[in-house]
There are 4 protein chains.
Amino acid sequence: MRGVVYKAPFQVSVEQVPDPKIEHPNDAIIKITSTCICGSDLHMYEGRTAAQPGLRFGHEPMGVVEEVGGAVTTLRKGDRVVAPFNVSCGFCKNCERGFTGYCLTVNPGFPGAAYGFAGWGPFPGGQSDYLRMPYADFNALKLPQGTEHEEDFVLLADIFPTGYHGTELAKVSPGESVVVFGAGPVGAMAAYSAMLRGAAEVYVVDHIPDRLNKVKVIGAIPIDFNNGDPVEQIRTMRHGDGVDKGIDAVGYQAINPVQGKEDPATILNLLVQIVNATGILGIIGLYVPDDPGAKDPHAAHGELMISFGKLWEKGLSLGTGQCNVKRYNRNLRDLIIVGRAKPSWYVSKVVSLDDAPTAYQNFDKRADGWTKVILKP
Amino acid sequence: MRGVVYKAPFQVSVEQVPDPKIEHPNDAIIKITSTCICGSDLHMYEGRTAAQPGLRFGHEPMGVVEEVGGAVTTLRKGDRVVAPFNVSCGFCKNCERGFTGYCLTVNPGFPGAAYGFAGWGPFPGGQSDYLRMPYADFNALKLPQGTEHEEDFVLLADIFPTGYHGTELAKVSPGESVVVFGAGPVGAMAAYSAMLRGAAEVYVVDHIPDRLNKVKVIGAIPIDFNNGDPVEQIRTMRHGDGVDKGIDAVGYQAINPVQGKEDPATILNLLVQIVNATGILGIIGLYVPDDPGAKDPHAAHGELMISFGKLWEKGLSLGTGQCNVKRYNRNLRDLIIVGRAKPSWYVSKVVSLDDAPTAYQNFDKRADGWTKVILKP
Amino acid sequence: MRGVVYKAPFQVSVEQVPDPKIEHPNDAIIKITSTCICGSDLHMYEGRTAAQPGLRFGHEPMGVVEEVGGAVTTLRKGDRVVAPFNVSCGFCKNCERGFTGYCLTVNPGFPGAAYGFAGWGPFPGGQSDYLRMPYADFNALKLPQGTEHEEDFVLLADIFPTGYHGTELAKVSPGESVVVFGAGPVGAMAAYSAMLRGAAEVYVVDHIPDRLNKVKVIGAIPIDFNNGDPVEQIRTMRHGDGVDKGIDAVGYQAINPVQGKEDPATILNLLVQIVNATGILGIIGLYVPDDPGAKDPHAAHGELMISFGKLWEKGLSLGTGQCNVKRYNRNLRDLIIVGRAKPSWYVSKVVSLDDAPTAYQNFDKRADGWTKVILKP
Amino acid sequence: MRGVVYKAPFQVSVEQVPDPKIEHPNDAIIKITSTCICGSDLHMYEGRTAAQPGLRFGHEPMGVVEEVGGAVTTLRKGDRVVAPFNVSCGFCKNCERGFTGYCLTVNPGFPGAAYGFAGWGPFPGGQSDYLRMPYADFNALKLPQGTEHEEDFVLLADIFPTGYHGTELAKVSPGESVVVFGAGPVGAMAAYSAMLRGAAEVYVVDHIPDRLNKVKVIGAIPIDFNNGDPVEQIRTMRHGDGVDKGIDAVGYQAINPVQGKEDPATILNLLVQIVNATGILGIIGLYVPDDPGAKDPHAAHGELMISFGKLWEKGLSLGTGQCNVKRYNRNLRDLIIVGRAKPSWYVSKVVSLDDAPTAYQNFDKRADGWTKVILKP
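Cut-offs applied
Residues numbered from 1 in each chain as written. Chains lettered and ligands numbered in written order. Predicted model: local features only at pLDDT ≥ 70, side-chain atom pairs only at ≥ 80, totals over all residues. Heavy atoms only, no water. Contact = heavy atoms within 4.5 Å. Buried area = accessible area lost by both parts, 1.4 Å probe. Salt bridge = Lys/Arg side-chain N within 4 Å of Asp/Glu carboxyl O. Polar contact = N/O pair within 3.5 Å; in protein donor to acceptor, adjacent residues only side chain to side chain. Helix = DSSP H or I, 4+ residues; strand = E, 2+ residues; numbered from the N terminus. Pairing = 2+ DSSP bridges. Axes fitted to C-alpha atoms, helices over the stretch in contact; angles between N-to-C directions. Least-squares fit on C-alpha atoms with pLDDT ≥ 70 in both. Nonpolar A, V, L, I, M, F, W, Y, C, P; charged D, E, K, R; others polar.

For the rest of this paragraph, the subject is the interface of chain D and chain B. On the chain B side, the residues contacting the 16 residues of chain D number 16 residues. Both faces considered, chain D and chain B share a buried interface measuring about 1400 Å² in area, 55% of it formed by carbon and sulfur atoms. On the chain D side of the contact with chain B, Pro174, Asn331 and Arg340 of chain D bury the most area, a combined 37% of that side's loss. For the interface between chain D and chain B, the tally reads zero salt bridges. Taken together, the connections running from chain D to chain B amount to six residue pairs in polar contact (both at pLDDT 80 or more). Breaking the side of chain D that touches chain B down by element, the ones donating at least two residues are helix H5 (185-196) and helix H11 (329-337) of chain D.

Here you go:
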């Protein structure tokens, strides 16, 4: 079958790879119908992680059950499902508490696993024709049969729950004011989730016009940091006040909006400035303990210079880490089914799996019209 | 009346100061019967904050109501009360949500106020014969009449609730393993609170034998960092595992246990190492945005080099900031009254207010037998 | 000044009553600009509570500060404010935990107080020209100056927060299915709040066409119990499934939809049937321990025959009681200010205070077009 | 092998029954080393449930893994484990949210399953030599090898977590006052859990001297209702005040302490009286929708006459239902391992499996010295 393979920084190819097989009675094989390129794929694509050539990309897969192992209880050939990007067992100390992003079973020695991700276990990526899904009863989320909402449901694999996770970490409540840094796919989904949860005002900070325009559609307030310090812009709009909650949907490859160059602690320090005392920060943008492309030795080890004195003085709290997709994907699916959520408002491109190399290139460049890409095998 | 006055780094004196008066109908005047020296007084005493000479110290006061303003509803002359170190109004956006440490009313322009603390509002300290308590119905916690439990109740002003706050920020639950950095008064109260909440194991890290011995009394496990890396010591005792939760009761003046010199991010980075993925950190040790005595310009502005990449990879959360004493002091009082808590197990010295200069000196040196000091006017 | 006075069952009049005065330094006098008739006024109006003739009605007041006592800090003459229907002190054990509906200070011997409500303290009602507001710093919620959103802001006194309280008691979360019993003002606000919080589907059960039509406007699904058992109707629409959460916005004067006559436990027992195992019920409809108009001696003492065996088997939880308005009114106000909430979509009549007797009569009859009434002094 | 079989009301026998076999690749067979008789077995034993003759009793089993199915990942022959009384799949909508007591998979058509319990699925009881455990990776809790703490660990199957569940439903917090109705095994464990969580005062109400004496050991305050109305006794001890939280560990077969005869709503109504406004009730005593032995037709259908008007006026909340054992058993196990909890303080008898008939008889009579019974195969 075909799969997207990482060759070198800024280079992927679509190659013939081995078909997956049932390796354990709780496995299922999924025939992929849609699969996205994720912003976190770009960290690997750019050579900014420990990913080695040969890694097969893709952790946002959905499709149809092709085959199930002998112990699988609830799935049948033909069932339409979407997989969380996390691979998890369902019964370890972390999974049983809902921390499926930190499974202790499937990637021994490291808490957490994902399809097609450097360091997150031996699970080939899902930008391919088929995918092996371990512990399928636990990991598969069933979808209504047919083809409806395909472009919405595929976002349940990662970015819609991940954006929502930001609002959950920050405990966004009705009537609150929220800032989201990053108008990329995850930032857009965080802003969308904040609106769904009843936030009063959602400010979204970025500098790419195409993306800032997108978030206007859902009633968020775009802040272009090319127009000046985003903290001051927001304070001015709020008559001097800050905001209740903040979400970082950018991570360590952030550009300092004042200096115009990469600074991995930028977003954290901006959040410390703009979020009011007693506020909460949801940090869903990726931070890594090893960055081969970092500009200085501290950043190379994930050590960042953070305004912690001010953070403490304000009594801020923060939550971090990758999303436990299973906590949210069922309820978000139900919002899609009844038409109350339509996350595909942000999707701009649906292309063939064979066009993955071009898609990676354009998405990485933040090219106009490439805000989010779905690949169709 | 007498009051403890800051003169210069490492120098306080007991001087005649003006008697407090009712300045607002909601005020009360308290005749002090007991008042402690706090570890956070030492940051000021050592010249490591913005405190200016002339500041009157003391934010852990208890005593008897001497006089009430015309609007006070629930207090009468003679009532025995203890004051939270925070001064708060009870009706602003933060107070009404329980964040009384971040009151927006009493210290205009800055969220939060305290008696006798640099930058925290115009409220003279309570190491004195009398104290003016604003919004007395809200701030006073009534105690049983008499003199019983005096040395326990005075700890309700700050360190018992503050230690408890650490366990609340870290959401310590029955059966969990917890590490507390710092065996000083606040660390001891955090460890004690963790035990009261049903933690299975509480490790307390320090290097002062007098303090490490103290925490053994309550069943905590002392870890002397002079005996080696505390992270490795704990992992060895736990057969390779880390702990569920962590509390920082040291703050920015921490000594790096490996290098043996001051390093303001030490405790945070040790917590990132030893707390398991999905864990929570309660940061009650003080961090400041301006440290006149810092060794480098970043630390002088409260900017610390934190292993954020690893923190994020582990999906850790953290809560920070000074304690909202009113959230906890009523229930902790009730534990004292029925004899289920006796925080004075940690108190070692009760001296006259006139002996404050000597007491500061010994407490600052962590002299044997000076783990916690109560001053009696 | 004028005030609405209860004379006898089904009879109120607008009479000259004494002007309120500052009685305590923390009081304020409010000049009323808008004030609603509440569904709970009707329980008194119909003689179904302990209310005695002479009681002055009205607990949903808003207006402009006319005068403040000497201890009031944050209010000035001319400030536009809305009052929670609860009267509370801000500093008792219940208020400090946010349970302002159960204040222990202002109505000695009974936890909780309200303006113009039988048994809830000595506070004259606010269907009048002026109102005395105790502990004004705590009880007043400031509004933007001017007259904008008047019909929305007045709903912050009771029904918008009370409806929201139902969703909070039931912990309504994004993606959930919810049933609300009652399409009156409180039920409508509960359904509206559930939608604001991101519920996937909100079913609203009633039998009055005017009200069922109203809730369609916000995307809720009307269920007319004149068309058959509402439990079966909902199960049929949901392919056999029940709902995640349930809200009772009717209370003890409910009509059994099958028998067509009053049965005070009807709504509770319907909720037990239709809410899924592990679900939560928010009971905001009024239940009373003494009902002079009850049909049997048990109901007269508030003793109801509840399917508790089934409730337990399903592991249901429930929360009850009057709303603690201050918990929600600030954030709901902010939603109104930015235009994200407009609760006045449900208001149908704005009449002069002098027309109160007619308004009571029509509102009590659920007359067409009298879903919610605002009185203007 | 041998198993305890229900023959008729008040009659069980130990009989030869078929050995269990691996029926599904995720099954394990456990060789039982200890297994308890539960208070809920007595409801069946007395003919007060839908249990039919031939049912095999026992839902509190622990032992050693004898054999595992081909899909089991974490268990090996010889592992020492304890089973939650609930049987659950780990991956349905309820299990994934932690509601393992309401599994939707293993007992089709009814949410929840248990070993050896009428109506709770086709799972033979564990008062036997061997037990089949479905979804063994999910259901088994591993214990340290050996025989230490055997009498403590076996209580992790049900009564220790169930008692703890009462404190969790009632959200018992440090410093609170709590009443527990029932000093039987579950009530004792609820009181013990409340103490472990830091409650200030725990009142335990019963009328059996042997049981009331037991709870004194842990510092709880026994209230003998033979000495008068327990509500008045507690109010007198508390100078007129009620308590913060309440736990019902009795259920529907309660004896009205005033009338001296069975009244299924007794405990609920006493809790409404004694728990303060804003309090929370944890209802872990069993209530059933069908009681063949009820005295009146309402009780026969689980319909109880509850003081709901007063409950609502006080703004009480309540949680109900069987315990989701997996939520608590891991942490409670850890408390046992380090010696911080020793729930076997309440166990009074350890007898041979062959003596089950005598043990049932004595336990049912609340005979002196038969507070809790462990059977050893």
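We now examine the sheet that holds strand S14 (residues 317-320) of chain D. Read from one edge to the other, the open sheet built from twelve strands follows the order S10(C)-S9(C)-S8(C)-S11(C)-S12(C)-S14(C)-S14(D)-S12(D)-S11(D)-S8(D)-S9(D)-S10(D), with strand pairing classed as mixed. Pairing within the sheet leaves two strands with one partner each, and these edge strands are strand S10 (221-224) of chain C together with strand S10 (221-224) of chain D. Taken over all neighbouring pairs, the strand axes of this sheet differ in orientation by 20° on average, direction set aside. Summarising the sheet, strand S12 (residues 275-283) of chain C and strand S14 (residues 317-320) of chain C pair through four bridges and their orientation is parallel. Bridge pairing in S14 of chain C links Leu281 of chain C to Leu318 of chain C. Across the face of the sheet, helix H5 (residues 159-169) of chain C comes into contact with strand S11 (243-248), S12 and S14 of chain C while running at roughly 150° to S12 of chain C. Relative to the sheet, H5 of chain D contacts strand S8 (177-181), strand S9 (201-206) and strand S11 (243-248) of chain D, its axis offset from that of S9 of chain D by approximately 175°.

Attention now moves to the relation of the copies chain A and chain B. Of the two same-sequence chains, chain A is brought onto chain B (RMSD 0.0 Å, axial shift 0.0 Å) by a rotation of 180°. Seen this way, the second copy is the image of the first under a two-fold rotation axis. When C-alpha distances to the rotation axis are compared across chain A, the minimum falls at Met305 of chain A, with a value of 2.2 Å. When you check the interface residues of chain A against chain B, 100% turn up at the interface there too, and the contact is symmetric in its surfaces.

Note on the copies: chain D fits chain B at an RMSD of 0.0 Å, the axial shift is 0.0 Å, and the rotation between them is 180°. Interface overlap between copies: 100% of the residues of chain D at the interface are likewise at the interface in chain B, consistent with a symmetric, same-surface contact.

Residues and elements named next belong to chain B. Pairing geometry for strand S1 (residues 2-8) and strand S2 (residues 11-16), over six bridges, is antiparallel. If you follow Val5 over to S2, its bridge partner there is Ser13. In this structure, the hairpin formed by S1 and S2 is closed by a connection of two residues, where Phe10 is found at a positive phi of approximately 65°.

Another point: the sheet that holds strand S9 (residues 201-206) of chain B. Taking strand neighbours across the sheet as the criterion, the twelve strands line up as S10(A)-S9(A)-S8(A)-S11(A)-S12(A)-S14(A)-S14(B)-S12(B)-S11(B)-S8(B)-S9(B)-S10(B) in an open arrangement whose pairing is mixed. Every interior strand has two partners, whereas the edge strands, strand S10 (221-224) of chain A together with strand S10 (221-224) of chain B, have only one. Along the sheet, successive strands turn relative to each other by an average axial angle of 20°, direction set aside. Pairing geometry for strand S8 (residues 177-181) of chain A and strand S9 (residues 201-206) of chain A, over five bridges, is parallel. Looking across to S9 of chain A, one finds that Val179 of chain A is bridged to Tyr203 of chain A.

A common way to state how big an interface is: give the accessible area lost once the parts meet. Contacts between chain A and chain B engage 42 residues on the former and 42 residues on the latter. Per-residue buried area on chain A facing chain B is highest for Met305, Phe308 and Trp312 of chain A; these three make up 23% of the total on that side. Its salt-bridge partner being Lys93 of chain B, residue Asp244 of chain A comes within 2.9 Å of it at the nearest N-O pair. Summed over the shared surface of chain A and chain B, the result is 17 residue pairs in polar contact (both at pLDDT 80 or more). Secondary structure elements with two or more residues in the side of chain A that touches chain B: strand S12 (275-283), strand S13 (303-307), helix H10 (308-313) and strand S14 (317-320) of chain A. The element best represented in the side of chain A that touches chain B is H10 of chain A, accounting for six residues. Per-class residue counts for the side of chain A that touches chain B are 21 nonpolar, 13 polar and eight charged. Here S13 of chain A pairs with strand S13 (residues 303-307) of chain B via five bridges, running antiparallel. Looking at the pairing, Glu303 of chain A lines up with Ser307 of chain B of S13 of chain B.

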